[in-house]
Amino acid sequence: MGCSGSKLQKKYAAERNNPMGTGLASNDNRRNSNDTESDGYVEHTFDKRWDYVKDPENRGQPKELGSGGFSTVYLVRNRKTSKLAAVKVMKKSDMDDEDKQSVLDEVNIMRKLQHPNIVQFIDFFDEELNMYAVIEYLEGGTMFDRVVKKESYNEKDARDLVYIFLSSLKYCHSKDIVHRDIKPENILMASNDDDADVKIADFGLSIHLPNGELCYRGCGTPNYLAPEMLKNIGYSKPVDMWAVGCIAFILLGGYAPFDCDGEDPASLKKLYSTIKKGDVVFEKEYFGHVSIEAKHLITSLLNVDPSERLTVDDALKHPWIMRAGNELAGRNLQKSLKIFIAFRAKRKFKGVVKGIIATNKFKNIIKSIGAAAKIEKAKQEQEQQNQR
């Protein structure tokens, strides 16, 4: 499995072989051997530019913000400006060549993105033992964590969040960048007191697909995968729009349109089968009070045919997105909020279906689904021939 198009592959190969050309050396900070710190230059190594923030609750150890796979995220402070940031530390000994190249791809894409609702890339260090990716520190937690703390909640609140997702994706898609892993855990709040300061984060699976290029590699998070990713027919920007449809559904109804109880192959296979059919059910108990326009936007985003699915430009012009805020503020979503709180607690307990789906389990399921589809197609072709 891989992304189609030799031009795309050659482009990435060129970028990897010439990191200076892509800016991976970080803001032109390399100098010749005669430069010294006395003229204002600081050697471009992580420990010369950043300090770990100590955690008093953990015996003064570096304050850890999260971990997963071969990386750990810490809180750091710039030695010159004292500005806080987050650093993703990746041990090279735990990474293979593909992992390292994926990091370089992510850094290269992040360098191209400058948008108020996308987490800011700050610096990158490729050293002997570790890779370090320094990004903006977002202290407000996830968007879903913020929503569950609300004392009142209405359609305007949900619409405003969806608008932010769409405007961010419009920027990405204008640069032919597909995120491929839009999900609640990757939508973060920059601060603890500004509900509008929302950031899309984690571009680890993002990819540049110019000139109508398609990708065939399976990746993402189960509940938010678009049908075309599961059918292995090639995909592009519409997969992000499908994910926005899933999130809009949750924000309005309080539960996910596609969900499963376990991570075992049987449960995931059932989930993927439901997604491919696009069976979206608006339960009256939770969606009876939601506006028709909002539900229309969701069904238009959760269209199994990517060519018929709303583009980001279409979605931004949708009547629900354009509707006056005072009208939507009158549509109370308190009942959905109660369900949402229970849904959020369940997701936290389950650990959000662990990991990014690039595992053998995922690949085997995709292969089995694809094989079954080929067998079914062959049967149909044979039946047609027999009828002749």
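Residues numbered from 1 in each chain as written. Predicted model: local features only at pLDDT ≥ 70, side-chain atom pairs only at ≥ 80, totals over all residues. Heavy atoms only, no water.

Engineer: Could you give an account of the confidence of the model for the protein chain, naming the residues involved and the relevant values?
Structural biologist: Counting all residues, the mean pLDDT for the protein chain is 82, and 78% of those residues have values of 70 or more. In the model of the protein chain, helix H2 (residues 19-22) stands out as the element of lowest mean pLDDT, 34, in contrast to helix H12 (residues 312-316), which has the highest, 98. Here residues 4-39 is a poorly scored stretch, pLDDT under 50, and it has 54 contacts once near neighbours within four places are set aside; other chains count. The low-confidence segment residues 351-377 (pLDDT under 50) makes 39 contacts with residues lying over four places distant or belonging to another chain. (pLDDT = per-residue confidence, 0-100. Helix = DSSP H or I, 4+ residues; strand = E, 2+ residues; numbered from the N terminus. Contact = heavy atoms within 4.5 Å.)

Engineer: Break down the pattern of salt bridges for me, with residues and values.
Structural biologist: Per the counting criterion, the structure on display carries 14 salt bridges. The closest approach of N and O atoms between Asp181 and Lys183, which form a salt bridge, is 3.8 Å. Across this residue pair, the class does not change: Asp181 and Lys183 are buried. A salt bridge links Glu327 to Arg323; its shortest N-O distance comes to 2.8 Å. Looking at Glu327, the relative accessible area reads 42%, which means it is partly exposed. (Salt bridge = Lys/Arg side-chain N within 4 Å of Asp/Glu carboxyl O. Buried < 20%, exposed > 50% of the residue type's maximum accessible area, 1.4 Å probe, protein only.)

Engineer: Account for the nonpolar core, naming residues and giving values.
Structural biologist: Core analysis: the biggest nonpolar cluster contains 88 residues, and Met143 and Leu251 have the highest contact counts within it. Per-element tally for this core: the top contributor is helix H8 (residues 238-253), with 12 residues. Contact partners of Leu251, with chain neighbours within four places excluded, come to Met143, Phe144, Val147, Tyr153, Ala158, Leu161, Val162, Phe165, Leu333 and Phe340. Residues Tyr74, Val76, Val87 and Phe125 belong to the second largest nonpolar core, which totals 10 residues. (Core = buried A, V, L, I, M, F, W, Y, C linked by side-chain atoms within 4.5 Å.)

Engineer: Any chance you could break down the side chain of Arg146 for me, citing the residues and the numbers?
Structural biologist: Mapped onto the elements of the fold, Arg146 is located in helix H5 (residues 143-148). There is a polar contact of 2.8 Å between the side chain of Arg146 and the side chain of Asp195. Residues contacting Arg146, with those up to four places away along its chain left out, are Gly140, Met189, Ser191, Asn192, Asp193, Asp194 and Asp195. (Polar contact = N/O pair within 3.5 Å; in protein donor to acceptor, adjacent residues only side chain to side chain.)

Engineer: For the state of the cysteines, give the residues involved together with the corresponding values.
Structural biologist: As used in these notes, a disulfide is a covalent bond between sulfur atoms, one from each of two cysteines. Counted by the stated rule, this structure contains zero disulfides. There is no disulfide at Cys219, and the cysteine sulfur nearest it, in Cys215, is 6.5 Å away. (Disulfide = S-S within 2.5 Å.)

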